[in-house]
Amino acid sequence: MRRWITPFRVITACFLLAACVCWGQANGNRLIMKDGSYQIITKYQIRGNRVRFYSAERHDWEEIPENLVDWTATAKWNHVNGVGQSADVAPSPTDPGQVAAAKIDAEEKAARTAELQRMPYVLPGLRLPDESGIWVLDTYNGQPELAHMTQANGDLNKAYEHSVKPYEVGSKRGSREVLQINGYSAKVELHVAQPVFYVSLDHPKGSQPPVPLSSALTVNTMGAGSMKDDKGAFSSPQSRYLILALNVKPSERTANAADVDAILENGPPPTDLTETTKEVLPGGYWMKITPKSPLIFGQYALIEVLSPRFINDDVWAFGVNPQAPDNQDTVGKVDNSNH
């Protein structure tokens with residue numbers, strides 16, 4: 001019995017054949033020429049100054065001069081489109097295509113490493129932003145998040161968010177208030193007893209340094225005879241950070257000279273002072289500050305110690321209150337499970 005091929009079967013066969021050809025072309029490598037044209041191939045070999053390749057369109061071996069190929073463009077296209085040289089062609093360190101591909105891989109790896117150093121993970125799924133200033137790791141309703149802290153003066157270059165207002169220990173004796181911060185409570189209220197702070201040590205990517213004030217002087221963290229205010233300063237990895245409990249009044253939070261002077265002067269440390277540990281993270285973009293002991297309910301100041309004689313009088317204020325509402329403008333955890 002003779003089997004007739006129906007028009008439907010002819011159309012189906014043609015469609016499948018076209019699909020196979022298109023699939024082979026879409027999934028093949030490309031040799032991109034310096035004039036912008038390209039060859040769709042399945043494999044190639046370097047033979048002296050000639051490139052021998054198998055054409056995915058003509059299903060045959062062909063040759064062209066090696067110097068006609070744009071190897072960098074070829075490697076980039078194949079890399080972006082997720083295709084590579086056929087496994088039956090042995091790797092060769094003299095293959096310009098493989099050299100270009102290895103260079104692209106190295107550049108991509110370096111870029112990923114640099115990004116991870118600028119934006120390291122503090123927890124799985126939670127990264128520091130590529131911004132300056134100080135961020136603190138908090139937990140609200142069981143969800144970890146990073147809250148942004150600003151200095152008490154509130155009038156900073158927003159690209160840097162770090163000013164230095166030096167205070168010399170012992171220069172203001174008595175009960176005179178050295179720290180005075182408006183408001184009954186801080187803008188940032190934390191819900192954990194042992195928060196972790198992250199201090200940026202560099203300006204954000206792409207930003208330009210601020211024009212220094214005429215009176216500005218780079219802070220000498222090794223101890224200088226005098227220091228001037230500097231609103232263009234960076235956080236220094238040599239700085240030390242301490243946490244001081246503040247006196248709370250109806251309209252302000254304060255610390256007097258005796259409290260502040262006791263931070264650096266010889267003698268027993270004040271009971272309302274919490275020491276911290278510090279760790280500069282890989283890449284040198286961030287420094288991790290961790291309190292050595294838990295903090296109780298109250299209002300605090302994170303204080304930068306500039307040298308054995310000076311502290312930064314422009315502090316970062318925060319509170320510890322498990323019942324406080326969520327902070328504004330926080331960075332939350334990203335769920336990467338579906339990516």
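What comes next concerns the included structure. (Residues numbered from 1 in each chain as written. Predicted model: local features only at pLDDT ≥ 70, side-chain atom pairs only at ≥ 80, totals over all residues. Heavy atoms only, no water.)

**Section: the overall build of the chain**
When helices and strands are counted, the chain shows 4 helices and 22 strands. Residue burial in the chain is summarised as follows: out of 339 residues, 39% are buried. Counted over contacts in the chain with a minimum sequence separation of 6, partners at least 24 positions apart contribute 67%. Split by element, the accessible area of the chain, about 19,200 Å² in all, is 54% carbon and sulfur. (Helix = DSSP H or I, 4+ residues; strand = E, 2+ residues; numbered from the N terminus. Buried < 20%, exposed > 50% of the residue type's maximum accessible area, 1.4 Å probe, protein only. Contact = heavy atoms within 4.5 Å. Areas by Shrake-Rupley, 256 points an atom, 1.4 Å probe, with all protein chains shown as cover.)

**A look at the sheet that holds strand 18 (residues 286-291)**
On the basis of which strands lie adjacent, the open sheet formed by 6 strands has the order 17-18-12-7-8-22 and antiparallel pairing. Of all the strands in the sheet, the pair left with one neighbour each is strand 17 (276-280) and strand 22 (331-332). Here 4 bridges tie strand 7 (residues 134-140) to strand 12 (residues 196-200), and the two strands are oriented antiparallel to one another. From the neighbouring strand, Ile134 faces strand 12, where its bridge partner is Val199. (Pairing = 2+ DSSP bridges.)

**Side note on unusual backbone geometry**
Residue His59 is not a glycine yet carries a positive backbone phi of 55 degrees. Structurally, His59 is set in the loop between strand 3 (50-55) and strand 4 (60-65). When its relative accessible area of 53% is taken as the criterion, His59 is described as exposed.

**Remarks on helix 2 (residues 71-80)**
Three or more residues of helix 2 are buried, namely Trp71, Thr74, Ala75, Trp77 and Asn78. Seen end-on, helix 2 carries its buried residues on one side only, within an arc spanning 165 degrees. If you check the start of helix 2, you find a side-chain oxygen 3.4 Å away from the backbone N of Thr72, and it comes from Asp70. (Arc of directions from axis to C-beta. Polar contact = N/O pair within 3.5 Å; in protein donor to acceptor, adjacent residues only side chain to side chain.)

**Some points on the sheet that holds strand 10 (residues 177-182)**
Across the sheet, 3 strands lie side by side as 10-15-14; this open sheet has antiparallel pairing. The sheet terminates laterally at strand 10 and strand 14 (247-248), the two strands that pair on one side only. With 5 bridges joining them, strand 10 and strand 15 (residues 252-256) adopt antiparallel strand pairing. Across the sheet, the residue bridging to Ile181 is Arg253, located in strand 15.

**With respect to the pattern of salt bridges**
Under the definition given, this model contains 6 salt bridges. For Arg50, the salt bridge is made with Glu63, and the minimal N-O distance between the two is 3.6 Å. In this pair, Arg50 is assigned in strand 3 and Glu63 in strand 4, connecting sequence segments 13 residues apart. Taking the shortest distance from any N to any O, the salt bridge between Arg118 and Asp130 comes out at 3.2 Å. Taken together, the residues Arg118 in helix 3 (residues 96-118) and Asp130 in the loop between strand 6 (126-127) and strand 7 connect sequence positions 12 residues apart. You can call Arg118 buried: its relative accessible area is 15%. Through salt bridges with shared partners, a single ionic network connects Glu57, Arg58 and Glu62. (Salt bridge = Lys/Arg side-chain N within 4 Å of Asp/Glu carboxyl O.)

**Observations concerning the nonpolar core**
Soluble globular proteins tend to bury their nonpolar side chains together. By size, the foremost hydrophobic cluster in this structure holds 21 residues, and its most contacted members are Leu179, Leu244, Val260, Ile263, Ile303 and Ile311. Among the secondary structure elements, those contributing two or more residues to this core are strand 10, strand 13 (240-245), helix 4 (257-264) and strand 19 (298-305). A per-element tally of this core places helix 4 first, with 4 residues. Contacts of Ile263, omitting those with residues within four sequence positions, involve Leu242, Leu244, Pro270, Leu273 and Ile303. Residues Ile134, Leu190, Tyr241 and Ile243 belong to the second largest nonpolar core, which totals 19 residues. (Core = buried A, V, L, I, M, F, W, Y, C linked by side-chain atoms within 4.5 Å.)

**Remarks on the pairing of strand 12**
Of all 5 residues in strand 12, 5 are buried, a share of seventy percent or more. In terms of strand pairing, strand 12 meets strand 18 through 4 bridges, oriented antiparallel. Among the inter-strand pairings, Val199 is bridged to a residue of strand 18, identified as Met287.

**A look at the pairing of strand 7**
Along any regular strand the residues' side chains alternate between the sheet's two faces. Most of strand 7 sits out of view: 5 of its 7 residues are buried. As defined by bridge partners, strand 7 adjoins strand 8 (residues 143-149) across 7 bridges and the pair is classed as antiparallel. Across the sheet, residue Asp138 finds its bridge partner in strand 8, namely Glu145. Connecting strand 7 to the next strand, strand 8, in antiparallel fashion are 2 residues, including Asn141 with a positive phi near 50 degrees.

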